Every structure is written in structure tokens, then in C-alpha cells.
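Geometric and topological summary
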Amino acid sequence: MLAPALLPLLTLLAMADSGGAAPLLEKGEKLFRQGDTAGALAAFDEAAKADPQDPRPYYLKGVALENKSDLPGAVAAYKQAIARRGEFAEAHNNLGALLIARGDAPGAAVELEAAVRIKPDYAEAQYNLGVACDALGKKPEAIAAYRDAVRLKPADAGYRLNLGAALRRGGDLDGAVVALKEATRLGPRDPMAWADLGMVLSDKKSYDEAQAALEKATTLKPDFALGWNRLGRVALKRGQVPAAVSAQQRARKLDPKSGAFAADLCRAFIEEREAGKATAECRAAVDLDPKNPLAHYELMKALVAKGDCPAAKTALGRFKALPGIKPEAQKQADAIAASCARAARK
């Protein structure tokens with residue numbers, strides 16, 4: 001979740017007002033808060049005409065356009081505000097948040113770096129910069145930005161949630177547990193915080209605690225597909241195969257378009273020695289997400305378990321043809337496929 005900013009009206013009115021735009025800004029801001037977005041936009045346009053060099057009407061117009069889901073219009077408005085006042089931290093922040101939402105993480109990072117340079121104690125911008133760095137794969141920079149956001153706004157559970165997730169990706173499991181436990185304390189009814197805590201505890205092989213956290217997540221949100229999926233993964237690690245199958249079936253029913261969930265159900269069926277069911281789920285996983293290596297790998301394993309060596313060999317070839325498959329994974333897959341051929345010769 002991103003953190004856009006709406007400056008208080010008094011703060012906006014404290015900016016230079018050379019063209020008499022203030023009354024129109026007040027009118028527009030009041031209409032906006034009353035839910036009259038069209039009226040607010042008309043007032044902001046009038047304010048811009050009253051003083052074309054005033055950045056405030058464009059900033060408020062961006063907020064209003066964003067509220068009505070006109071993201072291209074909001075981007076243009078924030079850019080116009082920045083063109084008139086380059087040191088406008090809130091406009092840089094909101095523009096950066098929108099660029100992340102549009103998939104332009106590099107552009108977002110530029111805007112958000114500007115926001116925190118202008119206003120170093122700007123918690124929302126630090127947080128959004130962390131999101132942008134995450135999207136760019138810059139793990140240390142993301143962690144640093146999230147830490148700054150938490151330092152500036154320590155009671156925000158969402159900031160700690162993202163910090164915990166970033167620390168987990170960076171390999172600092174102990175730090176991630178601390179951040180996520182604090183996130184669950186601050187936001188005890190947030191199922192995502194419990195689900196993320198559960199996965200870090202699973203990484204640390206604290207399976208009892210992991211299961212308890214994930215059960216909390218699914219209790220808080222019974223239709224939480226990701227929570228059920230993660231609960232199933234932990235159950236499988238504990239050797240609780242029927243429980244794993246049940247949880248993965250629940251996740252699959254809640255989100256039938258997820259190839260990852262289908263692959264995880266396939267894996268659970270393999271452990272349950274249900275090769276036919278496993279093959280069907282893995283074929284579905286490949287259809288849903290053809291570029292997912294796990295789906296092809298688990299399909300190969302399911303076909304080996306089924307004794308269909310020619311089809312397993314085909315699945316092996318498709319797995320190895322995917323980009324980014326590491327040599328160790330290829331060797332492991334080769335060994336599994338070879339075991340099918342040896343079993344067939346016996």
C-alpha cells in the first residue's frame with residue numbers, strides 16, 4: 001500500500017499567494033471534503049486561472065483526480081505543480097506513488113528521492129521510496145527507507161509490515177521477526193501481518209509458532225487465499241500431508257486463477273501419493289502460469305510418480321528451457337527424471 005499526501009489547507013495557504021487564488025482553493029478544498037469532486041475541480045481550475053504560476057491549484061487538482069481514479073490526469077497535475085515549485089515535497093511524493101502504481105519504479109524513485117531530500121522527516125515519502133526500491137530489487141536501499149519511515153512514524157503497523165518483508169528478502173530473519181511481531185502488536189487484526197510473520201517463523205523452522213500465526217491470519221480472514229496457501233506449505237514441512245492438502249484445496253478454491261496455488265496443491269498431492277490428482281493440478285498450474293518454473297518442475301515429479309516417463313521427459317525439457325534455471329536445479333531435475341527411466345526398466 002502506498003502513502004499519498006493531502007496537505008492541510010492552512011499549510012497550502014501559507015505558500016505565496018500573489019494572484020488571489022486562496023479563496024478559490026478554500027472553496028475547492030471544502031467541496032472536495034464534502035464529496036463534490038467535480039465542483040472541487042472546477043474551483044481549482046479557477047484558482048489556476050487566477051494565478052497561473054501558483055503550484056497549489058495543480059497539487060489539489062492532482063489529489064482530486066486521483067480520488068476519482070483519473071491517474072493520467074493526476075500525474076499531469078502533479079507535474080504541473082512541481083514545474084511551478086520544484087521544492088514541493090508532497091507533490092513529488094504523490095507523483096512517485098502514482099508512478100509506482102503505473103509500473104514506473106525508476107521514475108518513482110527519482111520523485112521520491114526528491115521528496116525525502118526536500119523534507120527528510122517525511123515518513124510517507126520514506127515509506128514510498130522503500131516500495132520503489134523494493135520494485136527495483138534494491139534490497140539494502142528499501143530496508144533503509146523503511147527503517148527511516150518506522151523511525152519517523154513508529155506507530156504505523158503498515159510500515160513495520162513492509163520492513164519485516166524486506167528484511168526477510170534480505171536474509172535478516174531475526175530482524176524480520178522483530179518487525180513483524182511489532183506489526184501484529186500494532187495491527188492485531190491485520191491478517192497479512194500474521195501471514196508474513198508465519199512465513200518468517202517457518203523460514204526459521206519454528207513451525208509451531210508459524211502454524212499458530214497462519215491460523216490467526218485465516219481466522220481473521222477466512223477467505224484469505226494466501227493465508228491458506230501458506231498454512232498448507234507449513235503443514236507440508238511438518239509432514240502433515242492431509243492438513244496440507246486440505247489447506248491448499250481451500251486456497252485453490254478461493255483463488256482458482258493462481259498458478260502458484262495449483263502448483264502447491266500438486267506438490268501436496270504428490271506427497272499424498274495421489275499421482276493422478278497431482279498431475280491434473282500441475283497441468284492446470286502450467287496452463288495458468290506457463291513461465292513458473294515450479295509448475296513445470298512439480299509436473300515432472302507428478303508424471304514420474306505416475307510412471308509416465310515420456311511425458312516426464314517432455315516436462316523436464318520445458319523446465320530446463322525456462323530462463324534463469326540454475327545448474328543445480330537442472331541436475332536435480334535430471335536425477336528425478338532418470339529415476340523414472342530406471343524404474344521403468346526394472
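Presented here is a report on the structure given in the accompanying data block. Along each chain, residues carry numbers from 1 onward, in the same order as the chain's sequence is written. Residue-level local features of this predicted model are given only where pLDDT is at least 70; pairs of side-chain atoms are given and counted only at 80 or more, and the full residue set underlies all totals for whole chains, interfaces and linings. The side-chain values count all of the structure's non-hydrogen atoms but skip hydrogen atoms and water molecules.

On to the overall build of the protein chain, then. Each helix is a run of DSSP H or I of at least 4 residues and each strand a run of E of at least 2, with the numbering of both proceeding from the N terminus. A tally of regular secondary structure across the protein chain gives 20 helices and zero strands. Based on C-alpha atoms, the radius of gyration is set beside the globule rule, defined as 2.2 Å times the residue count to the power 0.38. Taken over C-alpha atoms, the radius of gyration comes to 26 Å for the protein chain, far larger than the 20 Å a tight globule of 346 residues would show. Seen through its principal axes, the protein chain has C-alpha atoms that stretch 90 × 40 × 35 Å. Taking all 346 residues of the protein chain together, the buried fraction comes to 50%. Element-wise, carbon and sulfur atoms account for 53% of the exposed surface of the protein chain, whose accessible area totals about 16,500 Å². By the counting scheme adopted, Arg and Lys are positive, Glu and Asp are negative, and His together with the chain ends is not counted. In this description, the location of a charge corresponds to atom NZ of lysine, CZ of arginine, CG of aspartate or CD of glutamate. Separation between the mean location of the 51 positive side-chain charges and that of the 43 negative ones in the protein chain comes to 7 Å. Exposure classes here rest on a 1.4 Å probe applied to the protein chains alone. A residue is buried below 20% of its type maximum, exposed above 50%, and partly exposed in between. Methods summary: accessible areas were calculated by the Shrake-Rupley approach with a probe of 1.4 Å, and residue burial reflects only the protein chains presented.

With that out of the way, let us pick up the environment of Asp-264. The residue Asp-264 is located in helix H16 (residues 259-271) in this model. On the basis of relative accessibility, which here comes to 7%, the residue Asp-264 falls in the buried class. On a C-alpha basis, the gap between Asp-264 and Cys-282 in space is 8.5 Å, while along the polypeptide they are 18 residues apart. What Asp-264 contacts, discounting residues up to four positions off in sequence, is Asn-229, Arg-233, Gln-248 and Leu-294. Here, two residues are considered to be in contact whenever any of their heavy atoms come within 4.5 Å of each other.

Looking at the element boundaries, Ala-251 is found in helix H15 (residues 241-254). Separated by 101 residues in sequence, Ala-251 and Val-150 have C-alpha atoms that sit 32 Å apart. Setting aside its immediate chain neighbours within four residues, Ala-251 contacts Ala-225, Trp-228, Asn-229 and Phe-261.

Next up on the list: the nonpolar core. Here, nonpolar core refers to any group of buried Ala, Val, Leu, Ile, Met, Phe, Trp, Tyr and Cys residues whose side-chain atoms link them within 4.5 Å. Residues Tyr-59, Tyr-78, Tyr-146, Leu-163 and Leu-197 are the most contacted members of the largest nonpolar core, which totals 75 residues. When residues of this core are assigned to their parent elements, the largest contribution, seven residues, is made by helix H8 (residues 123-135). For Tyr-146, the contacting residues outside a window of four places in its chain are Tyr-127, Gly-130, Val-131, Asp-134, Asn-162, Leu-163 and Ala-166. Membership of the second largest hydrophobic core comes to 34 residues, among which are Val-241, Leu-265, Phe-269 and Ala-278.

Only a pair of cysteine sulfur atoms within 2.5 Å qualifies as a disulfide here. Within this structure, the stated rule accounts for two disulfides. With a sulfur-sulfur separation of 2.1 Å, Cys-309 is cross-linked through a disulfide to Cys-340. Because the torsion about its S-S bond is -95°, the bridge between Cys-309 and Cys-340 counts as left-handed. Of the two residues, Cys-309 is situated in helix H19 (residues 309-321) and Cys-340 in helix H20 (residues 327-345); the sequence distance between them amounts to 31 residues. When the bonded cysteines of the protein chain are counted from the start of the sequence, the pairing works out to 1-2, 3-4.

Okay, helix H10 (residues 157-169) next. Given a helix with a known number of residues, its expected span is that number minus one, times 1.5 Å. When the terminal C-alpha atoms of H10 are compared, their 19 Å separation across 13 residues agrees well with the 18 Å that a helix rising 1.5 Å per residue should span. Of all 13 residues making up H10, ten are buried, and the element is well covered by its neighbours. For H10, the complete set of buried residues consists of Ala-157, Tyr-159, Arg-160, Leu-161, Asn-162, Leu-163, Gly-164, Ala-165, Ala-166 and Leu-167. Looking at the buried residues of H10, the elements they touch are H8, helix H9 (139-152), helix H11 (173-186) and helix H12 (191-203). Think of a polar contact as two N or O atoms within 3.5 Å of one another; within protein, one of them needs to be a possible hydrogen donor and the other a possible acceptor, and neighboring residues in sequence only count if both atoms come from side chains. Looking at where H10 begins, the residue whose side-chain oxygen comes 2.9 Å from the main-chain nitrogen of Gly-158 is Asp-156. Two residues or fewer past H10, Gly-171 is found with a positive phi of approximately 90°.

Take it as geometry only, folks, not as evidence of what the structure does.
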